[in-house]
Amino acid sequence: MRSAGMVFDVSLSVMNQHAKVDIRNSTCPHDCPSACALDIEVIEGRSIGRVRGSKKQTYTAGVVCAKVARYAERIHHPERLMHPLRRTGPKGSGQFAQISWDEALDEITDRFNAAERDFGAASIWPHYYAGTMGLVMRDGINRLTHVKKYSRFYSTVCANIARVGFAIGTGKITGVDPREMGVSDLIVIWGTNPVNTQVNVMTHASRAKKERGARIAAVDIYNNDTMKQADIKIILRPGTDGAFACGVMHVLFRDGLADRAYMERYTDCPAEFEAHLATRTPEWASAICGVSTADIEAFAHAVGTTERTFFRLGYGFTRSRNGAAQMHAALCIPAVTGAWQYEGGGAFFNNASIWRFNEAIIEGHDALDPNVRALDQSKIGRILTGDAEALQGGGPVKAMLIQNTNPMTIAPEQNLVRRGFAREDLFVAVHEQFMTETAQMADIVLPATMFMEHDDVYYGGGHQYISVGPKLIDPPGECRSNHEVLQALAQRLGAKHPGFEMTPRELIDATLKLSGHGDIAGLEADIWRDLQPDFRASHYLDGFAHADRKFHFKADWAHPPFGTVMGAVDQMPALPDHWTIIEEADEAHPFRLATSPSRSFLNTTFNETPSSQAREGRASVMIHPRDAGTLGIADGDAVTLGNVRGETTLIARLFDGVQRGVLIAESVHPNRDHIGGRGINTLTGAEAVAPIGGAAFHDNKVWLKRAVAG
């Protein structure tokens, strides 16, 4: 094994000479829970070669996804933005002219100041998300927001729904060491497709299968690539996980497979819960979720007779209107069986509670005014089209700075989003790496660095490591980091804060010290630091994180441990159940649509790289052959999907790995990849999901028909 930073000669066809290659350590910054540890070839100090998973970090364990392995294809892409641009044609026309950085920054400053003068500071909405998971480059925009009293940002697109569903049971968001999957006898992968989205889960599950003869169970809504590797396959109707979980737990109680001693010691109301489940029979569950009673019984017996059962719960729960209740229901199963007691048993979703990062300087917490409105990310279409409720009774948004996100493609209610960004009275500056569909709607476009071109600090939601990701090469052209842009704007806008005077490395160092994690030198010396709590803490053997130290079967949804309460909280079931708030199919909309993640795109990242484009092909939708036959649809036909929000046209793929009446459209293709230019999120809604908000991307009723020619 080569040590970090070791230099050696490799024969490369660069002017027929030997190029020096330096193997450097880094961390993948993308919005995947794995935050993979990387070994990166740096060629002659100027370019990137192969990217590999590091064997020196025990979670990544030498494995990285194919799209990141090919990162040189992205970082050295000929279509990267290199210079600041000003729009010269109509919005969305793609007509831009190159300008200087000073011209670009001065124009942003003038437009922001004019909006503040005429409409108030809250008319400016800095908008961002998780294009990078680095704390400095992702969250620094909040510092400008807080100092200037611009409208704040309430993030709801990704994880809120599942996060609160887990924490409502355990009391906090952390669980069993995910590496313990390697010593499990049964790994239940539920609500996630890690072959596509977090390959390291499969590394550890496959190790257990190979070394221990462990079984893998997959619970999902279609026969995806993870399910194809599973020994136990459960294909549900979308939004019915809670019913399935209740049917399973009914069997556990009925057949003497519940650990009553464990529940008496560690849970809040086992007797009341058992009585509640008495009518949630396998037959009742089967009618709702579409899984046979035999399969429900068999799954219950598998988890009930296997002490070392590891529940790896995923982000799929966070895409449904009843997702928080569904996550909680699934999480209750290992509390009923007592699996938390055993190594390789229990549950894991995310490690958000172990990092304890204090981002006060990065985000400017000392300048935060809670009275300034926080606008809901998911409702950007409503916000930009003047919806009074979405604007919280305040004035319009007149100016935006956008970093790390592509709302013109990923946000719900795309017809509203498109109308909003087309407003001539809305000024938009977009800081990006490529000319995304959001950048095409901008007035000013700024070229951004990628993660190997700046310093940042990372944590892994799917594991227990923190790390510094150092700058490895200089950026091309005139690309600048998010932090550099914020510094320059702060100076022009008169935004004073110590964070604007610091370098990224100084911000990392100060944040680590504030967080009790030492300093940057110490973390760099560790390369990746393991913060995993000990076995007793990870398995909650000294009690769960609620005040009563119990796991809560009974959820207090009206008082979640974090977030802003919204949505139909008063309708949420206190004890696990099937909550019928989902967008059920009806006569006018006989299909349920889920927009599941693909293998080669990550939201809209990587959809510009040729290898990912080649693998994903055209935007398509999976349809059960019998449903297609009823509608006269053949494989490869153009089909239109629609609902009250709009329509989109894409290619039919006949696929028998779904239940009848279910449609799956994998990945977020660019809108332009859809026939007619309307992307899949035209069909997704932005209603607030209880109890703390979120976007129900997999919860849509639609109609389907063959597309009209011409």
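See the structure shown above.
Asker: What exactly am I supposed to notice about the overall build of the chain here?
Answerer: Of the regular secondary structure elements, the chain holds 24 helices and 26 strands. Scored against the burial criterion, the 710 residues of the chain give a buried share of 63%. Taking all contacts inside the chain whose residues are at least 6 apart in sequence as the whole, residues at least 24 apart take part in 74%. For the chain, the computed accessible surface area is about 25000 Å², with 48% contributed by carbon and sulfur atoms. Across the chain, the 73 positively charged side chains and the 82 negatively charged ones have centroids separated by 2 Å.

Asker: What am I meant to see in the pairing of strand β17 (residues 444-447) here?
Answerer: What you see with β17 is no split at all: Ile444 and Leu446 on one side and Val445 and Pro447 on the other are buried throughout. One ladder, built from two bridges, connects strand β5 (residues 85-87) with β17; its direction is antiparallel. Considered in β17, the bridge of Leu85 is made with Val445. With four bridges connecting them, strand β16 (residues 427-432) and β17 associate as parallel partners. Bridge pairing in β17 links Glu432 to Pro447.

Asker: Got a minute to help me understand the packing of helix α9 (residues 241-254) against helix α13 (residues 293-304) in this structure?
Answerer: Angle between the axes and distance between the axes: these two values describe a pair of packed helices. Two elements in contact, α9 and α13, have axes separated by 9 Å at closest approach and are oriented at 60 degrees. Overall, the two elements α9 and α13 adopt an arrangement that is oblique. Considering how the two elements wind past one another, α9 and α13 form a crossing that is right-handed. Here Phe244, Gly247, Val248, Val251, Leu252 and Arg254 of α9 lie close against α13, whose contacting residues are Ile296, Glu297, Phe299, Ala300, His301, Val303 and Gly304. Taken together, the residues of the contact of α9 with α13 sort by class into eight nonpolar, three polar and two charged.

Asker: Help me out: how do you make sense of the pairing of strand β18 (residues 456-459) in this one?
Answerer: The side chains of a regular strand alternate, residue by residue, between the two faces of the sheet. One ladder, built from four bridges, connects β18 with strand β19 (residues 465-469); its direction is antiparallel. From the neighbouring strand, Val457 faces β19, where its bridge partner is Val468. Between the end of β18 and the start of β19, which pair antiparallel, lie five residues.

Asker: Help me understand the nonpolar core in this model?
Answerer: In summary, soluble globular proteins display a tendency toward joint burial of nonpolar side chains. Ranked by internal contacts, the top residues of the largest apolar core, which has 141 residues, are Trp190, Phe244, Phe299, Phe421 and Phe553. Setting aside anything within four residues of it in sequence, one finds Trp190 in contact with Val219, Leu236, Asp241, Phe244, Ala245, Phe311, Arg312, Leu313, Gly314, Phe317, Ala330 and Ile333. With 20 residues, the next largest nonpolar core counts Cys36, Leu38, Phe434 and Met452 among its residues.

Asker: Explanation requested: the pattern of salt bridges in the structure shown.
Answerer: A pair can form between side chains of opposite charge whenever their charged atoms are brought close. With the rule as written, the count across this model stands at 45 salt bridges. In this structure, Arg660 and Asp627 form a salt bridge, with 2.6 Å as the shortest nitrogen-oxygen distance. Of the two residues, Arg660 is situated in the loop between β24 (646-654) and β25 (662-664) and Asp627 in helix α24 (residues 625-630); the sequence distance between them amounts to 33 residues. The structure contains a network of salt bridges with shared partners spanning Arg321, Arg382, Glu413, Glu583, Arg592, Arg645, Glu687 and Asp699.

About the criteria used
Counting starts from 1 at the beginning of each chain's written sequence and moves along it residue by residue. Confidence filtering applies because this is a predicted model: local features only for residues at pLDDT of at least 70, side-chain atom pairs given and counted only at 80 or more, and all residues used for totals across whole chains, interfaces and linings. To get the side-chain values, take all heavy atoms of the structure and skip hydrogens and water. Strands are runs of DSSP state E lasting at least 2 residues, helices are runs of H or I lasting at least 4, and numbering of each runs from the N terminus. Relative accessibility decides the category of a residue: with a 1.4 Å probe and only protein chains considered, values under 20% of the type maximum give buried, values over 50% give exposed, and everything between is partly exposed. By the convention used here, residues are in contact when the closest approach between their heavy atoms is within 4.5 Å. Methods summary: accessible areas were calculated by the Shrake-Rupley approach with a probe of 1.4 Å, and residue burial reflects only the protein chains presented. In summary, the charge assignment counts Lys and Arg as positive and Asp and Glu as negative, without counting His or the chain termini. Working definition for charges: the position is that of NZ of Lys, CZ of Arg, CG of Asp or CD of Glu. Here the rule is simple: two strands pair whenever DSSP picks up at least two bridges between them. To obtain an axis, a line is fitted to C-alpha atoms, over the contacting stretch when the element is a helix, and the angle between two such axes runs from 0 to 180 degrees between their N-to-C directions. Oblique is the label for any angle not covered by the other classes, which are roughly parallel (under 35 degrees), roughly antiparallel (over 145) and roughly perpendicular (65 to 115). Put simply, a crossing is left-handed when the front helix is turned counterclockwise from the back one by less than a right angle, and right-handed when it is turned clockwise. Basically, the charged four are Asp, Glu, Lys and Arg, the nonpolar ten are Ala, Val, Leu, Ile, Met, Phe, Trp, Tyr, Cys and Pro, and anything else, Gly included, counts as polar. Among buried residues, those of type Ala, Val, Leu, Ile, Met, Phe, Trp, Tyr and Cys that are joined through side-chain atoms within 4.5 Å constitute a nonpolar core. Think of a salt bridge as a Lys or Arg side-chain nitrogen and an Asp or Glu carboxyl oxygen that are within 4 Å of each other.

Shape descriptors only; they carry no functional weight alone.
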